Structures are given as C-alpha cells and as structure tokens.
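# Observations on the three-dimensional arrangement
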Amino acid sequence: RWSVQFGRTTAFQMDALANVVNLESRLQPLKKDILTQGIQDMEALLPTGQPLSASALVHLSIWYRRLGLLEPSLFYLEQATQVDPSYALAYMNIGNHYFVLEEYPTAIVHFERSLQVAQDPKTKELTHINLGQANRQLGRYKQSLQHFEEAIQSVPIGAHILRATYLSHILAVKSLGNLWH
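Residues numbered from 1 in each chain as written. Predicted model: local features only at pLDDT ≥ 70, side-chain atom pairs only at ≥ 80, totals over all residues. Heavy atoms only, no water.

### What to know about the overall build of the protein chain
- When you go through the protein chain residue by residue, the secondary structure sums to nine helices and zero strands.
- The helix and strand sequence of the protein chain, counted from the amino end, reads α-α-α-α-α-α-α-α-α.
- Looking at the protein chain residue by residue over its 181 residues, the buried ones come to 41%.
- Counting contacts in the protein chain only where the partners sit at least 6 residues apart, residues at least 24 apart contribute 52% of the total.
- Accessible surface for the protein chain amounts to roughly 9900 Å². Of this, 54% is attributable to carbon and sulfur atoms. (Helix = DSSP H or I, 4+ residues; strand = E, 2+ residues; numbered from the N terminus. Buried < 20%, exposed > 50% of the residue type's maximum accessible area, 1.4 Å probe, protein only. Contact = heavy atoms within 4.5 Å. Areas by Shrake-Rupley, 256 points an atom, 1.4 Å probe, with all protein chains shown as cover.)

Structure (structure tokens):
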C-alpha cells in the first residue's frame, strides 16, 4: 500500500513508514487494516540485514498492542532494547506491557530502567507517572507520591490540565495511603 523508496538505510525506511502509518491510523483510529498493512510492510523491511531503528521497532510493537497481540508486541520491544540499549521509550513500553498484565513489580523494573536511560524531560515525566501508578497498585503510597510529585515538577506552569491531572493522582495517593503532611 505504501511505497517507501528512499534509497537509504532500512532504519530510515522503517522510521519513514512508521510516520506514515501513525499519521494514517490517527486520522482513522479504528481502522485495523491500516495497522495490519503497516505491520506487514514494516516486517518486510526486517530481513534486509541493514541496521534497524529502535524507534521503528517500538512503533511496530505499539501497532501489535493496538491490535491486541501482546506476544509479538513484547518481542519487538525487546528487540528495540537490543538495537539501542539507551532507548528509554522501549523500556517504558515494556513496563506498560507488564502493567496491563497487572505484573506491577516487573513493570516497575522496566520503568526504573527507562528512567535511568531517559534523556528528554517528557520521557522522564511519563516514566514517573507510570512508576507512580504501578507503586500505587502495590500499595506503596510513599513511593507513588514521590513519583507523581517528580512528574508535576517537570510540567510547565501553564499546562493547567496536565498539572490538575497529576494533582488528582497525588490527592488520591495521599487519601489511600493516609499520607497527609
């Protein structure tokens, strides 16, 4: 369906294809055929032996997850960490995978790894939120609160909706854990 002929590396082709499929799937979010075709086209680029893109592998994983196929989703996330061990979004998505399966201790391990390698503030913010949620599920309210507070510190003052969301998490954790100062 999509023709990716850039004459560059497979990693470049995979990233370009990921951008096209993500755009089309956002425009038509319930069209499983778009994701299925994207997966087929992306996987056709894999056996070329050229360097792969960790970012494209994470996109491929997310597409599988959106289709409800968790096993290949996790496989491609693990591949992404092998391609680029410093790609924080891969670890964060592995953590999300285990969070959905309610395997919170395993999710936390991967979220912590994401936080260790994360360079950009947005990834750190999202990882703190994920750590806060996973710790809250385990009844670790003090750790949960610390991560939500870290996340709120990273949000610009003008982002009222996001700050309000994080504050609601903080209030919920304080209520659950009886952590009022």
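### A look at the confidence of the model for the protein chain
- Confidence in the prediction for the protein chain averages 77 pLDDT; 65% of positions are at 70 or higher.
- Note on residues 1-9: pLDDT is under 50 here. Beyond four places in sequence and across chains, it has 21 contacts. (pLDDT = per-residue confidence, 0-100.)

### What to know about the packing of helix H6 (residues 104-117) against helix H7 (residues 121-137)
- Where H6 contacts H7, the axes come no closer than 9 Å and their chain directions differ by 160°. In terms of orientation, H6 and H7 fall into the roughly antiparallel class. Judged by the twist between their axes, the crossing of H6 over H7 is left-handed. Within the contact between the two elements, H6 uses Tyr-104, Ile-108, Phe-111, Glu-112, Ser-114 and Leu-115 and H7 uses Thr-123, Lys-124, Thr-127, His-128, Asn-130, Leu-131, Ala-134, Asn-135 and Gln-137.
- A per-class count over the contact of H6 with H7 returns six nonpolar, seven polar and two charged. (Axes fitted to C-alpha atoms, helices over the stretch in contact; angles between N-to-C directions. Parallel < 35°, antiparallel > 145°, perpendicular 65-115°, else oblique. Left-handed = near helix turned anticlockwise from the far one by under 90°. Nonpolar A, V, L, I, M, F, W, Y, C, P; charged D, E, K, R; others polar.)

### Considerations on the nonpolar core
- Membership of the largest hydrophobic core comes to 24 residues, with the highest contact counts inside it found for Val-58, Leu-60, Trp-63, Ala-80 and Phe-111.
- Within the residue set of this core, elements represented by two or more residues are helix H2 (32-45), helix H3 (54-66), helix H4 (70-83), helix H5 (88-100), H6 and H7.
- If you tally residues by element for this core, the top one is H3, at seven residues. (Core = buried A, V, L, I, M, F, W, Y, C linked by side-chain atoms within 4.5 Å.)

### Side note on the environment of Tyr-104
- Secondary-structure assignment places Tyr-104 in helix H6.
- A relative accessible area of 12% places Tyr-104 in the buried class.
- In the structure, Tyr-104 is positioned 33 residues away from Gln-137 in sequence and 7.3 Å away in space, judged by C-alpha atoms.

### Regarding the side chain of Thr-127
- Tracing the sequence through the fold places Thr-127 in helix H7.
- Excluding anything up to four places from it in sequence, Thr-127 contacts Met-92, Phe-111, Ser-114 and Leu-115.

### Brief notes about the side chain of Ser-61
- For Ser-61, the position within the fold is in helix H3.
- Classification of Ser-61 by relative accessible area gives buried; the value is 0%.
- Separated by 2.8 Å, the side chain of Ser-61 and the backbone oxygen of Ser-73 make a polar contact.
- Residues within four places of Ser-61 in sequence aside, it is in contact with Ser-73, Tyr-76 and Leu-77. (Polar contact = N/O pair within 3.5 Å; in protein donor to acceptor, adjacent residues only side chain to side chain.)

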